[in-house]
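Listed below are the residues making up each chain.
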Amino acid sequence: MPAAKPSAPLLMLGLPKGSLEQATLALFAKAGWKISQNSRSYKPTIDDPELDGRFVRAQEISRYVEHGFFDCGLTGRDWVMENGSDVAVVCELIYSRASNAPSRWVLAVPEDSPIRSVKDLQGKRIATELVRVTREFLTKKGVKAEVEFSWGATEVKVPDLVDAIVDLTETGSSLKANKLRIVDTILETTTQLVANKKSWANPAKRAKIETIALLLQGALNAESKVGLKFNLPKAKVKEVVTTLPSLRNPTISPLSDPAWVALETIIDESVVRVIIPTLKSHGAEGVIEYPLNKVVY
């Protein structure tokens, strides 16, 4: 009797190849999925029998999601708009290769350029990967300019080949290094989890996509927070609780010594350096700070 064929995975997942690749793999790992890959392969191995996937450039993912090759995928809001893709936006995931902040598509010119505003681009030439969005931006501003597609290394094209560029930046450091000045911001963009509309209407697929969204968001929420627990004299609880930041109220548990209690809370990592000395001044002991994998609100 022949062996039964394994059932097909529930979802086909689009993963961004390139600059977002490693940050995406790290985020999925923190969310609970181990995704491994061969450096020469575009087909990953995922430790979840319900998931299969492919690595594709972020610029293309929304098209493949719309057309149904992927049930869902991670790509930038910018590329969804550039492709004009008709997809369901499941959630926003604010992360990138360098930081957890939105990136910007900016209009930039050489530092010594006479161009000071968008209006000064009338009749000029602009290079960018984001052609459609740039043209729509100029139209709204009432400016007619030639917008040409750039295959990359866009910064080096001004001023010899074009008058201005529209390029993606997180910190602006690359533009400054190339002696470019930002004239305006065209679009703020973040990574989004998007779904094919037919897949989103399928109850089983939607439930799995929502689980992925929940855990990815939980992993991102945890990146800026830590857990904190400590012992405190019971008489000091009220004054400490009123000053202690937490998601809600801290957890308070009795100890074997009735004069003491244990407190546990989740706080922003950035305030730990202020909170711990304050706790010590109120008589706290056994203060422990620990990292978090996920925080689900």
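Thresholds applied
- Residues numbered from 1 in each chain as written.
- Predicted model: local features only at pLDDT ≥ 70, side-chain atom pairs only at ≥ 80, totals over all residues.
- Heavy atoms only, no water.
- Helix = DSSP H or I, 4+ residues; strand = E, 2+ residues; numbered from the N terminus.
- Rg over C-alpha atoms; globule rule 2.2 N^0.38 Å.
- Buried < 20%, exposed > 50% of the residue type's maximum accessible area, 1.4 Å probe, protein only.
- Contact = heavy atoms within 4.5 Å.
- Areas by Shrake-Rupley, 256 points an atom, 1.4 Å probe, with all protein chains shown as cover.
- Lys, Arg positive; Asp, Glu negative; His and termini not counted.
- Charge placed at Lys NZ, Arg CZ, Asp CG, Glu CD.
- Salt bridge = Lys/Arg side-chain N within 4 Å of Asp/Glu carboxyl O.
- Phe/Tyr/Trp six-rings, centres within 6.5 Å; stacked < 30°, edge-to-face > 60°.
- Pairing = 2+ DSSP bridges.
- Axes fitted to C-alpha atoms, helices over the stretch in contact; angles between N-to-C directions.

Enquirer: Could you clarify how one ought to interpret the overall build of the protein in this entry?
Expert: The helix and strand tally for the protein stands at nine helices and 16 strands. Taken over C-alpha atoms, the radius of gyration comes to 25 Å for the protein, far larger than the 19 Å a tight globule of 297 residues would show. Projected onto the principal axes, the alpha-carbon positions of the protein cover approximately 80 × 75 × 35 Å. Split into buried and exposed, the 297 residues of the protein put 43% on the buried side. Restricting the contact set of the protein to residue pairs at least 6 apart, pairs at least 24 apart contribute 69%. Element-wise, carbon and sulfur atoms account for 51% of the exposed surface of the protein, whose accessible area totals about 16,100 Å². Seen as two clouds, the 39 positive and the 35 negative side-chain charges of the protein have centres 2 Å apart.

Enquirer: Explanation requested: the pattern of salt bridges in the structure shown.
Expert: Side-chain pairs of opposite charge can arise where the charged atoms are in close proximity. Taken as a whole and judged by the stated rule, the model has 12 salt bridges. Between D48 and K208 there is a salt bridge whose closest N-O contact spans 2.8 Å. Pair noted here: D48 is in the loop between β3 (45–46) and β4 (51–57) and K208 is in helix α7 (residues 203–222), with a separation of 160 residues, a long-range link. Owing to a relative accessible area of 10%, D48 belongs among the buried residues under this scheme.

Enquirer: Would you explain the packing of aromatic side chains in this entry?
Expert: Geometrically, a pair of aromatic rings is defined through the distance of the ring centres and the angle of the planes. For the structure on display, the rule yields six aromatic pairs. A centroid spacing of 6.1 Å and a plane angle of 65° characterise the contact between F28 and W33, whose relative ring orientation is edge-to-face. For the pair F28 and W33, one class covers both residues: buried. The interplanar angle of 65° and the centroid separation of 6.2 Å between the aromatic rings of Y64 and F69 together place this pair among those described as edge-to-face.

Enquirer: Sorry, what's going on with the sheet that holds strand β10 (residues 164–169) here?
Expert: By way of backbone hydrogen bonds, the strands of a sheet pair with one another, either parallel or antiparallel. Spatially, β9-β8-β10-β7-β11 is the arrangement adopted by the five strands of the open sheet, whose pairing is mixed. Strands with a single pairing partner mark the edges of an open sheet, and in this sheet they are β9 (146–149) and β11 (180–189). The sheet shows a mean angle of 25° between the axes of neighbouring strands, taken without regard to direction. The pairing of strand β8 (residues 125–128) with β9 spans four bridges and is classified as parallel. Each bridged residue has a counterpart across the sheet, and for T128 the counterpart in β9 is F149. Contacting β8, β9, β10 and β11, helix α4 (residues 131–141) runs over the sheet at an angle of about 105° to β11.

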